[in-house]
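The lines below spell out each chain.
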Amino acid sequence: MEKEKAVTNANTLIFIAKIDIFDLAKNIFSEIFITDEVFEEIFKKGCIENLKIEKELNTFLKKVSMKNLKNLLIDKGEISAISYCLEKNIKTFLSDDKKARITAESLGIKAKGILGIILDNLQKKKITNERAKVLIKKLIENGYYISSDIYDELMSLIEEN
């Protein structure tokens, strides 16, 4: 099956770098596009993860410019990412932001977050149940919020695989 392309927002890409799962993203996507606005948002923060992101630039990650931004009621980086999806007919938007995901889905774009990347790899047998649990634990340790209900659901899904 051919890998898909995706456009990312800042937070999801930062968490991919924080827990170092570019290998898992590459199992699903042929390339991930970063708009100038998202790039600026990531690099103005000056995070340690920026080194990992820079290493992937121009190979797996592609920086792109977006001229015609849609008028959406979300953050500028997410507007540019969704606008790029629409302009280039890219079907997947990477985001863990609920409002941005709902906006993308209302426009016919599939939204996938960091947990979706982990679960897709688990379902495709690219990672073990144990690695999936470790990655989720690392996410939480790095400031990713998961409600206890979602956490319980995740653990049940992992156990079923």
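For the structure, check the block above.
What counts, and at which threshold
Residues numbered from 1 in each chain as written. Predicted model: local features only at pLDDT ≥ 70, side-chain atom pairs only at ≥ 80, totals over all residues. Heavy atoms only, no water. Helix = DSSP H or I, 4+ residues; strand = E, 2+ residues; numbered from the N terminus. Expected span 1.5 Å × (residues − 1). Buried < 20%, exposed > 50% of the residue type's maximum accessible area, 1.4 Å probe, protein only. Arc of directions from axis to C-beta. Contact = heavy atoms within 4.5 Å. Salt bridge = Lys/Arg side-chain N within 4 Å of Asp/Glu carboxyl O.

Undergrad: Could you clarify how one ought to interpret helix α9 (residues 148–160) in this entry?
TA: Since there are 3.6 residues in each turn of an α-helix, residues three or four apart along the chain are aligned in direction. Between its first and last C-alpha atoms α9 spans 18 Å; for 13 residues at 1.5 Å apiece the expected length is 18 Å, and the two agree. Listing the buried residues of α9 in full gives Leu154, Met155 and Ile158. The buried side chains of α9 occupy one side of the element, clustering within an arc of 95 degrees when seen end-on. Opposite the buried face of α9, at more than 90 degrees from it, the exposed residues are Asp149 and Glu160. Residues of α9 that are buried sit in contact with α7 (114–123) and α8 (129–141).

Undergrad: What exactly am I supposed to notice about the pattern of salt bridges here?
TA: Any two side chains of opposite charge can pair, so long as their charged atoms come close to each other. Using the criterion set out here, one finds 10 salt bridges in the structure. The shortest N-O distance in the salt bridge between Glu31 and Lys5 comes to 3.3 Å. Placement of Glu31 in strand β2 (residues 29–35) and of Lys5 in strand β1 (residues 4–8) is noted, with a sequence separation of 26 residues between them. Residue classification places Glu31 among the buried positions, given a relative accessible area of 15%. Taking the shortest distance from any N to any O, the salt bridge between Asp120 and Lys112 comes out at 2.3 Å. Across the pair, Lys112 and Asp120 agree in class, each one buried.

Undergrad: Just checking my understanding: could you explain unusual backbone geometry for this structure?
TA: Of all residues except glycine, most have a negative phi; of all peptide bonds, most are trans. Unlike most non-glycine residues, Asp20 shows phi in positive territory, near 55 degrees. If you trace the backbone, Asp20 turns up in the loop between α1 (10–18) and α2 (22–28). Since its relative accessible area comes to 43%, Asp20 is described here as partly exposed.

Purely spatial values, then, with no claim about function.
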